[in-house]
Amino acid sequence: MTAHRQQDAAWRRLHDAATQPYRQAGRFAWHFARGKLGRDPVFRGLIEQGLIAPGQRRVLDIGCGQGLFASLLASMSEMQASLHWPPAWSATPAQAHYTGVELMPRDIERATRAVGHLQPTPAFVCADMCSATLPASDLVVILDVLHYVHLQAQEGVLARVRHALLQGAAERDHATPARLLLRVGDAASRRGYRISQWVDRTVTRVRGHRVPPTWGRPLADWTALLERLGFVVRSLPMSQGTPFANVLLVADLK
Ligand SMILES: C[S@@+](CC[C@H](N)C(=O)[O-])C[C@H]1O[C@@H](n2cnc3c(N)ncnc32)[C@H](O)[C@@H]1O
């Protein structure tokens, strides 16, 4: 099998394993998990680009929804333990200690029902990211969430993320970067940004939530903000196969 086909096969296996637990959380949770993990390029992108280091054991997922990332992390470690991990993919944590912070109680319920049994037990915290206590972390993931709060509140969250990563330093080896993976829409890319806002509002409505206002920034402003907070930043396009203008910012603490 070519390396490419081997990775496709591994991804299908991972997709099945990570979405399987959502069967027990109801039809919505199951279909949402299958669709989201299958169609959003970010999850496979994180793995293929080696953005999750094995030493990043304490993972904080802000705006975690129904905890799909917790399931993915657990399935990744299972695949590595059973030697089904393709050689082209870098290793990820053998045992991730996951905390998910989410505003919506219904998402927390679905997350707990689907993946609350995993080991190590994931912590799902129903709270507003603007005021939640953030635990000491090695890796913080914020995917498509910050635009729900106003610009000043975004800065507040990012400053507290920096603090959480700094707090994690004592138990982290020197080779492991303290990393924030932040996906945002690039407001400078007008068409893609407008489409993602429209989809975002529709999905929010379908999930039965009130549609809130949103706040975006051009990519250059996101980068400048993170640099001001002491991160070294690189950006990767992360909306392949979709009409959006999404960018993944890989921000490592200096
Ligand atoms: C577009 S979804 C993304 C979910 C998940 N990060 C993913 O990529 O699958 C945004 C999530 O952020 C949550 N959220 C919005 N505002 C929040 C806040 N102030 N505090 C915590 N979570 C919030 C929403 O309820 C929703 O689950």
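Up top is the structure these notes are about.
To keep things clear, this report deals only with the structure shown in the data block. Note that this is a predicted model, so its numbers are computed, not measured. (Residues numbered from 1 in each chain as written. Predicted model: local features only at pLDDT ≥ 70, side-chain atom pairs only at ≥ 80, totals over all residues. Heavy atoms only, no water.)

Moving on, we come to the nonpolar core. Note on soluble globular proteins: their nonpolar side chains tend to be buried together. Judged by nonpolar contacts, the single largest core of 43 residues is most densely connected at Leu14, Phe43, Phe69, Leu72 and Leu248. Those elements that provide at least two residues to this core are α1 (3–19), α2 (27–39), α3 (41–48), α4 (68–81), α5 (105–115), β4 (139–143) and β7 (246–253). Among all residues touching Leu14, those that are not within four sequence positions of it are Ile47, Leu72, Ser75, Met76, Met79, Trp85 and Trp89. Counting residues in each nonpolar core, the second largest holds 32 residues, with Ala132, Val157, Val161 and Leu165 among its members. (Core = buried A, V, L, I, M, F, W, Y, C linked by side-chain atoms within 4.5 Å. Buried < 20%, exposed > 50% of the residue type's maximum accessible area, 1.4 Å probe, protein only. Helix = DSSP H or I, 4+ residues; strand = E, 2+ residues; numbered from the N terminus. Contact = heavy atoms within 4.5 Å.)

So, about α5. Among the residues of α5, those classed as buried are Asp107, Ile108, Arg110, Ala111, Ala114 and Val115. Taken down its axis, α5 places every buried residue within 165 degrees of arc, on the same side. Looking at the buried positions of α5, the neighbouring elements they touch are α2, α4, β2 (97–102) and β3 (123–126). (Arc of directions from axis to C-beta.)

To continue, consider the site of the ligand. Neighbouring the ligand are 16 residues; Gly63, Glu102, Asp128, Met129 and Leu143 lie closest to it. One of the backbone N or O atoms of Gly63 is found 2.8 Å from a nitrogen atom in the ligand. Here Leu103 contributes a backbone N or O atom positioned 3.3 Å from a nitrogen atom of the ligand. Contact with the protein chains hides 90% of the accessible area of the ligand, taken as 600 Å² for the molecule alone. (Near = heavy atom within 4 Å. Polar contact = N/O pair within 3.5 Å; in protein donor to acceptor, adjacent residues only side chain to side chain. Areas by Shrake-Rupley, 256 points an atom, 1.4 Å probe, with all protein chains shown as cover.)

Contact geometry of α3 with α4 gives a least axis separation of 12 Å together with a crossing angle of 35 degrees. The chirality of how α3 crosses α4 is right-handed. Contacts between α3 and α4 involve Phe43, Leu46 and Ile47 from the former and Leu68, Phe69, Leu72 and Met76 from the latter. Looking at the contact of α3 with α4, its residues break down into 7 nonpolar, no polar and no charged. (Axes fitted to C-alpha atoms, helices over the stretch in contact; angles between N-to-C directions. Left-handed = near helix turned anticlockwise from the far one by under 90°. Nonpolar A, V, L, I, M, F, W, Y, C, P; charged D, E, K, R; others polar.)

Along the polypeptide, Arg172 turns up in the loop between α6 (151–167) and β5 (179–185). Judged by relative accessible area, Arg172 falls into the buried class, the value being 13%. There is a polar contact of 3.1 Å between the side chain of Arg172 and the side chain of Asp138. Apart from the residues within four sequence positions on either side, Arg172 is in contact with Arg58, Ser137, Asp138, Leu165, Pro177 and Ala178.

Packing of α1 against α2 brings their axes to within 10 Å, and their N-to-C directions diverge by 155 degrees. Considering the angle they form, α1 stands roughly antiparallel to α2. Crossing handedness for the pair α1 and α2: right-handed. Between α1 and α2, the residues in contact are Trp11, His15, Asp16, Ala18 and Thr19 and Trp30, Ala33, Arg34, Leu37 and Gly38, respectively. Residue classes in the contact of α1 with α2 are distributed as 5 nonpolar, 3 polar and 2 charged. (Parallel < 35°, antiparallel > 145°, perpendicular 65-115°, else oblique.)

This part is about the pattern of salt bridges. Pairing is possible between side chains that carry opposite charge, provided their charged atoms lie close to one another. Under the counting rule described, the total for this entry stands at 12 salt bridges. Glu48 is the salt-bridge partner of Arg44, the closest N and O atoms lying 2.7 Å from each other. Of this pair, Arg44 and Glu48 both sit in helix α3, separated by 4 residues, roughly a single helical turn. Residue Glu48 is classed as partly exposed on the basis of its relative accessible area of 36%. Note that Asp138 and Arg58 form a salt bridge whose closest N and O atoms lie 2.6 Å from each other. In this pair, Asp138 sits in the loop between β3 and β4 while Arg58 sits in strand β1 (residues 58–62), placing the two residues 80 residues apart along the sequence. Both residues of the pair, Asp138 and Arg58, belong to the buried class. (Salt bridge = Lys/Arg side-chain N within 4 Å of Asp/Glu carboxyl O.)

Within the fold, His174 resides in the loop between α6 and β5. Measuring from C-alpha to C-alpha, the distance between His174 and Gly55 comes to 9.6 Å, with 119 residues separating the pair along the chain.

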